[in-house]
Amino acid sequence: MEIQDNIVVGMHYTVTNDNGDIIDTSEGNDPLMFLQGAGNIIPGLESALVGGKVGDEMEVSVEPEQAYGEYRDELRQQVPRDAFQGVDEVAIGMRFNAETDEGQITVRIAEVEGDTVTIDANHELAGERLHFSVRIESLREATDEELEHGHVHGPGGHHH
Ligand code: ZN
């Protein structure tokens, strides 16, 4: 069996940025389970995995546009501190959900200066080239229900 659309993949991964800092890893945890072809993982990694087999180890570098997108300046904006009424402390790194025309997004506080707060709706990894080191642990056919839902059920997946 090879990785192709509609296959459930179990994989260990470590992802680093250009500086070699580890951003995330599955080592020490169960493998990541995802449904290939359903957009469960970033496009650049998904396409690089096609044809992979159990036991394969791969090094994959993904450009920002195939990962979490380019950094968009227009998603960074300054708002008055008054906008955070009811929040005891407005601190850098805080995250909150905001309703926008495009639905709910996660915004984080990037800067606080006097009465001005800079919020940033870019994904934390926007603009980053990502380097994945992956090892394919398991492959199986997806069930009809998984295909319908577009995600994996059972161990490592959704429970509902
Ligand atoms: Zn489901």
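On a predicted model such as this, the values are computed, not experimentally measured, just so you know.

With that out of the way, let us pick up unusual backbone geometry. We note that asparagine 6 has phi near 75°; this positive angle belongs to a residue other than glycine. Structurally, the position occupied by asparagine 6 is in the segment before strand 1 (7-16).

Attention now goes to the sheet that holds strand 7 (residues 103-113). An order of 5-8-7-6 is seen for the four strands of this open sheet, with the pairing classed as antiparallel. Since the sheet does not close on itself, it has two edges, and those belong to strand 5 (76-80) and strand 6 (95-100), each with one partner. For this sheet the average axis-to-axis angle between neighbouring strands, irrespective of direction, equals 45°. Of the pairings in the sheet, the one linking strand 7 to strand 8 (residues 116-120) comprises five bridges and is antiparallel in character.

Those donors, His149 (ND1), His151 (NE2), His153 (NE2) and His160 (NE2), are the protein atoms that reach the zinc ion, and they lie 2.0 to 2.2 Å from it. In this structure, the zinc ion is coordinated by four donor atoms arranged in tetrahedral fashion, with angles at the metal of 101 to 123°. Using a relative accessible area of 14% as the deciding quantity, one classes histidine 153 as buried.

Here the focus is the pattern of salt bridges. Tallied over the entire structure, the rule returns eleven salt bridges. The salt bridge partner of glutamate 2 is lysine 53, with a shortest N-O separation of 3.4 Å. Here glutamate 2 is found in the segment before strand 1, whereas its partner lysine 53 is found in the loop between helix 1 (43-49) and strand 4 (57-62), with 51 residues between them in sequence. Its relative accessible area of 41% is what places lysine 53 among the partly exposed residues. Here glutamate 146 makes a salt bridge to arginine 140, at a shortest N to O gap of 2.9 Å. Look at glutamate 146 and you get buried, because its relative accessible area is 2%.

On to the packing of aromatic side chains. Applying the stated rule across the entire model yields one aromatic pair. Taking the centre distance of 5.4 Å and the plane angle of 85° together, the rings of phenylalanine 84 and phenylalanine 96 count as edge-to-face. Here phenylalanine 96 lies in strand 6 and phenylalanine 84 lies in the loop between strand 5 and strand 6, a separation of twelve residues in the sequence.

Right, let's get into the domain arrangement of the protein. Domains assigned within the protein are domain 1 (7-68 + 125-149) and domain 2 (73-120). Computed over C-alpha atoms only, the centres of domain 1 and domain 2 are separated by 31 Å.

This part takes up the nonpolar core. The nonpolar side chains of soluble globular proteins are, as a tendency, buried together. Within the largest apolar cluster, 21 residues are counted, with the highest numbers of intra-cluster contacts made by Val9, Met11, Leu45, Leu49, Phe132, Val134 and Ile136. Only strand 1, helix 1, strand 4 and strand 9 (130-141) provide two or more residues apiece to this core. In terms of nonpolar packing, the next biggest core, distinct from the first, is built from eight residues, Val79, Phe84, Val90 and Val117 among them.

A large share of strand 8 lies buried, amounting to four of its five residues. Judged from the five bridges that link them, strand 5 and strand 8 form a sheet pairing that is antiparallel. Following the sheet pairing, proline 80 is matched in strand 8 by threonine 116. Hairpin connection of strand 7 to strand 8: two residues between the antiparallel strands, including glycine 114 at a positive phi of 60°.

Parameters at a glance
- Residues numbered from 1 in each chain as written.
- Predicted model: local features only at pLDDT ≥ 70, side-chain atom pairs only at ≥ 80, totals over all residues.
- Heavy atoms only, no water.
- Helix = DSSP H or I, 4+ residues; strand = E, 2+ residues; numbered from the N terminus.
- Pairing = 2+ DSSP bridges.
- Axes fitted to C-alpha atoms, helices over the stretch in contact; angles between N-to-C directions.
- Donors = N, O, S within 2.8 Å, 3.2 Å for Na, K, Ca; no water.
- Tetrahedral: all angles 85-135°; square planar, octahedral: opposite > 155°, others 65-115°.
- Buried < 20%, exposed > 50% of the residue type's maximum accessible area, 1.4 Å probe, protein only.
- Salt bridge = Lys/Arg side-chain N within 4 Å of Asp/Glu carboxyl O.
- Phe/Tyr/Trp six-rings, centres within 6.5 Å; stacked < 30°, edge-to-face > 60°.
- Domains from an automatic or database assignment.
- Core = buried A, V, L, I, M, F, W, Y, C linked by side-chain atoms within 4.5 Å.

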